[in-house]
Amino acid sequence: MSSNILMLSKLENQEIITDKKEFSLDEELRRCVLQLQGQWGEKNQEVIPDLCEITYYGNSEMLKQVWLNVIGNAIKYTPEGGTIEVKLDINPKNEQEVRVRITDNGIGMDKVTTERIFEKFYQGDSSHATGGNGLGLAMVKRIVELCGGRIRVKSEPDKGTQFTVYLPIENKEKEDKKKKSLNAVNTAGLK
Ligand SMILES: Nc1ncnc2c1ncn2[C@@H]1O[C@H](COP(=O)(O)OP(=O)(O)OP(=O)(O)O)[C@@H](O)[C@H]1O
Ligand SMILES: [Mg+2]
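So, here is what we can say about the structure in this document. As the structure is a computational prediction, the values presented were derived from the model and not from experiment.

Thresholds applied
- Residues numbered from 1 in each chain as written.
- Chains lettered and ligands numbered in written order.
- Predicted model: local features only at pLDDT ≥ 70, side-chain atom pairs only at ≥ 80, totals over all residues.
- Helix = DSSP H or I, 4+ residues; strand = E, 2+ residues; numbered from the N terminus.
- Contact = placed C-beta atoms within 7 Å.
- Core = buried A, V, L, I, M, F, W, Y, C linked by C-beta atoms within 7 Å.
- Buried ≥ 20, exposed ≤ 12 C-beta atoms within 10 Å, placed from the backbone.
- Arc of directions from axis to C-beta.
- Expected span 1.5 Å × (residues − 1).
- Pairing = 2+ DSSP bridges.
- Axes fitted to C-alpha atoms, helices over the stretch in contact; angles between N-to-C directions.
- Parallel < 35°, antiparallel > 145°, perpendicular 65-115°, else oblique.
- Left-handed = near helix turned anticlockwise from the far one by under 90°.
- Nonpolar A, V, L, I, M, F, W, Y, C, P; charged D, E, K, R; others polar.

Below, the discussion takes up the overall build of the chain. When its secondary structure is counted, the chain shows 7 helices and 7 strands. C-alpha extents for the chain along the principal axes are approximately 65 × 35 × 30 Å. Within the chain, counting contacts between residues at least 6 apart in sequence, those at least 24 apart form 71% of the total.

Take the nonpolar core next. Counting residues in hydrophobic clusters, the biggest one holds 35 residues, and the most contacted among them are Val66, Val70, Ile71, Ile84 and Ile102. Those elements that place two or more of their residues in this core are helix H2 (25–35), helix H4 (60–76), strand E4 (83–90), strand E5 (97–104), helix H6 (136–146) and strand E7 (160–168). Sorting elements by how many residues they give to this core places H4 first, with 8 residues. Those residues in contact with Val66, other than ones at most four positions away along the chain, are Val140, Ile143, Val144 and Val165.

Moving on, we get to H2. Taken together, the buried positions of H2 are occupied by Leu25, Asp26, Leu29 and Cys32. The arc that holds every buried residue of H2, seen down its axis, measures 120 degrees, which confines them to one face. Lining the buried residues of H2 we find strand E1 (21–24), strand E2 (46–51), strand E3 (55–58), H4, E4 and E5.

Further remarks concern H4. The end-to-end C-alpha distance of H4 is 24 Å, a good match for the 24 Å that 17 residues give at a rise of 1.5 Å each. Residues of H4 that are buried include every one of Met62, Leu63, Val66, Trp67, Asn69, Val70, Ile71, Asn73, Ala74 and Ile75, and no others.

With that settled, the discussion passes to unusual backbone geometry. The phi dihedral of Asn44 falls on the positive side, at around 50 degrees, and the residue is not glycine. Note on placement: Asn44 falls in the loop between helix H3 (37–42) and E2. One non-glycine residue, Phe121, adopts positive backbone phi at about 65 degrees. Its 9 C-beta neighbours within 10 Å are what place Phe121 among the exposed residues.

A few words now on the sheet that holds strand E6 (residues 150–156). What the 5 strands build is an open sheet, ordered E2-E4-E5-E7-E6; its pairing is mixed. Strands with a single pairing partner mark the edges of an open sheet, and in this sheet they are E2 and E6. Direction aside, neighbouring strands of the sheet carry axes that sit 10 degrees apart on average. As defined by bridge partners, E2 adjoins E4 across 6 bridges and the pair is classed as parallel. Looking across to E4, one finds that Pro49 is bridged to Val86. With respect to the sheet, H2 is in contact with E2, E4 and E5, its orientation differing from that of E2 by roughly 175 degrees.

Let us now look at the packing of H2 against H4. With their axes 10 Å apart at the nearest point, H2 and H4 run at an angle of 45 degrees to one another. Taken together, the axes of H2 and H4 are oblique relative to one another. Judged by the twist between their axes, the crossing of H2 over H4 is right-handed. Every residue of H4 that contacts H2 at Glu28, Leu29, Cys32, Val33 and Gln35 is listed here: Ser60, Leu63, Lys64, Trp67, Leu68 and Ile71. Along the lines of polarity and charge, the residues of the contact of H2 with H4 split into 7 nonpolar, 2 polar and 2 charged.

Glancing now at the pairing of E4. Strand residues, when the strand is regular, have side chains that alternate between the two faces of the sheet. Across 7 bridges, the pairing between E4 and E5 is antiparallel. Across the sheet, residue Ile84 finds its bridge partner in E5, namely Asp104. Turn length for the E4-E5 hairpin, with the two strands adjacent in sequence and antiparallel, is 6 residues.

Let us look at the environment of Gln162. Counting through the fold element by element, Gln162 comes out in strand E7. Taking the number of C-beta atoms within 10 Å as the measure of exposure, Gln162 has 19 and is therefore partly exposed. In this structure, the C-alpha to C-alpha distance between Gln162 and Asn73, residues 89 residues apart in sequence, is 11 Å. Residues in contact with Gln162, not counting those within four places in the same chain, are Arg101, Thr103 and Lys154.

Rendered as structure tokens:
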């Protein structure tokens, strides 16, 4: 509990993403699924990965928190024997973005609930009994926004839920160029 509160307040005070590197996003998602195997295995759920090979330039540790929380929720809010799909591809509507989509066939949410889930400490009516403290998605949203991305949710009670995370594709060369031109502007201003 307290570690999540600390983590969220740290994220709220953070303005840029540091420690970026190139890493395999499909591999990271596969590792998260494996890390959660105890939880979905115990509920006899099936997790179906559908992952394109994508190398992403970003902060892998922070993004890992996003996947663990969203996949963790899918497991938590899906009954025994349910199915969870983890999909990674390029956004078909914008090739400059990667798309991670986590779909479950669990308890779902009504419209009023979906509008509030990203708030700090908010938990749906049926969730209070299941533990947690309603910080998971607040953290997820903050990380995604720091990465310049966005998160969308679609859900229907008793049918299931779909979370989609869109992240802008960046690369080191592009960022170095941006830094250089910013430096040029700054030094020009000093002259
Ligand atoms: N996949 C899902 N299916 C149904 N409801 C969900 C799903 N994911 C999130 N929710 C709803 O959104 C609420 C907020 O989620 P969030 O992850 O922030 O908190 P939590 O899971 O209750 O607690 P914590 O993550 O802090 O352990 C949940 O309480 C639940 O009502
Ligand atoms: Mg959660």
